[in-house]
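So you can see what is in the structure, the chains are spelled out below.
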Amino acid sequence: MTETILVTGGAGYIGSHTTLALLEAGYDVVVLDNLCNSSNESLHRVAQLANKAALFVEGDIRDAALLDSLFAKHPISAVLHFAGLKAVGESVREPLRYYENNVAGTVTLCQAMARAGVYRLVFSSSATVYGEPTQMPIREDFPTGVPTNPYGRSKLMVEQLFADLAQSEPSWRIAALRYFNPVGAHHSGQIGEDPNGIPNNLLPYISQVAIGKLAQLAVFGNDYPTVDGTGVRDYIHVVDLADGHLKALQAMTSRSGLHIWNLGTGVGYSVLQMLKAFEQANGLTIPYRLVARRPGDIAECWADPAKAEEELGWRATRGLTDMMADTWRWQSANPQGYAVAAALNEPLSA
Ligand code: NAD
Ligand code: WQD
């Protein structure tokens, strides 16, 4: 029988790629998204690529009555929970909005799930919960650290909430996936990352310099104890990440309690290595300047992905060249992101 999955935040960057993977794998999908950081044009594109549409509901995870009606109307067997706010700097300025969306929103969602008797949940956590580990690569059994901002703390709080929930009620089957640095876009160039305003993250910034929207990249710090002094991260292709969600969703049919998996490649690259890789993959030159460190940044961070490989049978297969070429295919075909196409489209309705 076809399973129906509720995807919160499914119009967003990672949620749209995962919705596509779910539809391609034969699932029915209900997307709940308030579009506060996305456009449902992403879901029009997903429907074209999959030749099958998700049902889109514009609404908020904090709306308990709406959640109850969705669980009553659709035979939902599990929830992939992407909805949340993710801008680190904004979380420092507006902590209440972050705790309300990310923590209180998750509480409201879990309450509605429990009322509906749906206990299988896959959650978007983050490597930020490790704080500043002293040892690399990072394993899931390393102690969680002290995230440097309200966004990071909201992710850690949700993980702690899940641990308590799983302890209190054995029906819960929760996967918390700790993403490292998601980048790239679907190979078609039809869907990708479409940040509002000036991007905070490295790859969207580089690709907006490449398209001429921004003048040059500022490289934040070249005095870290790393290969070339710039920060090192574990960049993971968003399509690999989407596949990881399907594997976790399947794994949670036969597991109970809270399970935590790193989703990373196991390899770290510096900012300058990323810049060079983008230039080489796409035959472009990206102007940059070296500036001071960004407050709150850590020197390096990469995953030990062995647990996900052993327990989920998942590993990242797409390398740096794919990440760079796919990012640029998306950006060059959609210089304004979804904005122009969205203005021409009729709204999708529930
Ligand atoms: P995104 O902003 O593109 O997607 C999040 C989606 O959730 C958006 O479509 C937004 O409109 C929606 N949303 C936000 N609050 C909502 C609410 N209250 N009700 C309904 N919908 C709401 O971000 P993304 O990069 O796709 O991230 C998805 C998840 O993964 C987030 O929880 C994020 O914290 C987490 N994550 C992201 C990264 C990253 O670097 N992109 C890394 C680690 C974890
Ligand atoms: C990567 C590297 C920067 C921009 C953040 C969040 C984290 C997670 C992912 C969700 C660093 C450098 C960046 C620029 C630069 N999100 N950089 N110039 O900092 O690892 O993580 O996004 O959970 O919580 O903190 O990713 O892409 O911002 O930075 O030099 O304009 O690129 O200093 O070394 P980060 P990032």
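First, a word on scope: everything that follows refers to the structure included in this document. (Residues numbered from 1 in each chain as written. Chains lettered and ligands numbered in written order. Predicted model: local features only at pLDDT ≥ 70, side-chain atom pairs only at ≥ 80, totals over all residues. Heavy atoms only, no water.)

Right, let's talk about the site of ligand 2 for a bit. Ligand 2 sits among 19 residues. The nearest are Ser126, Tyr151, Ala218, Arg233 and Asp297. At 2.9 Å, a backbone N or O of Phe220 approaches an oxygen atom of ligand 2. Breaking the shell around ligand 2 down by element, the ones donating at least two residues are helix 7 (202-210) and strand 8 (217-220). Ranked by the residues each element gives to the shell around ligand 2, the list is headed by strand 8, at 4 residues. Across the shell around ligand 2, the residue classes break down as 10 nonpolar, 6 polar and 3 charged. (Near = heavy atom within 4 Å. Polar contact = N/O pair within 3.5 Å; in protein donor to acceptor, adjacent residues only side chain to side chain. Helix = DSSP H or I, 4+ residues; strand = E, 2+ residues; numbered from the N terminus. Nonpolar A, V, L, I, M, F, W, Y, C, P; charged D, E, K, R; others polar.)

For the coordinates displayed, the defined rule picks out 19 salt bridges. Residue Arg178 pairs with Glu159 through a salt bridge whose shortest N-O separation is 2.5 Å. In this pair, Arg178 sits in strand 6 (residues 173-179) while Glu159 sits in helix 6 (residues 150-168), placing the two residues 19 residues apart along the sequence. Residue classification places Arg178 among the buried positions, given a relative accessible area of 2%. Between Arg294 and Asp297 there is a salt bridge; the shortest N-O distance is 3.1 Å. Classification of Arg294 as partly exposed rests on a relative accessible area of 33%. One connected set of salt bridges, linked through shared partners, spans Asp60, Arg62 and Glu100. (Salt bridge = Lys/Arg side-chain N within 4 Å of Asp/Glu carboxyl O. Buried < 20%, exposed > 50% of the residue type's maximum accessible area, 1.4 Å probe, protein only.)

Below, the discussion takes up the packing of aromatic side chains. Aromatic ring pairs are reported here in terms of the distance separating the ring centres and the angle at which the planes meet. What the rule picks out here adds up to 5 aromatic pairs. Aromatic side chains Tyr130 and Phe180 sit 6.4 Å apart centroid to centroid with 35° between the ring planes, which places their arrangement in the tilted category. One end of the pair, Tyr130, is in the loop between strand 5 (120-126) and helix 6; the other, Phe180, is in the loop between strand 6 and strand 7 (181-183), with 50 residues separating them in the sequence. Residue class for Tyr130 comes out buried when judged on its relative accessible area of 3%. (Phe/Tyr/Trp six-rings, centres within 6.5 Å; stacked < 30°, edge-to-face > 60°.)

Where strand 2 (residues 28-33) meets strand 3 (residues 55-58), 4 bridges bridge the pair, whose relative direction is parallel. Across the sheet, residue Val30 finds its bridge partner in strand 3, namely Leu55. What joins strand 2 to strand 3 is helix 2 (residues 41-50), and the crossover it makes is right-handed. (Pairing = 2+ DSSP bridges. Right-handed = clockwise from strand over helix to strand, strands pointing away.)

In space, the 7 strands of this open sheet follow the order 3-2-1-4-5-6-11, with parallel pairing throughout. Single-partner strands in this sheet number two, and they are strand 3 and strand 11 (257-263). Ignoring strand direction, the axes of neighbouring strands in this sheet form an average angle of 20°. Here strand 5 pairs with strand 6 via 7 bridges, running parallel. Within the sheet, the bridge partner assigned to Arg120 lies in strand 6 and is Arg173. Of the strands in this sheet, strand 5, strand 6 and strand 11 are in contact with helix 6, which crosses strand 5 at around 150°. (Axes fitted to C-alpha atoms, helices over the stretch in contact; angles between N-to-C directions. Contact = heavy atoms within 4.5 Å.)

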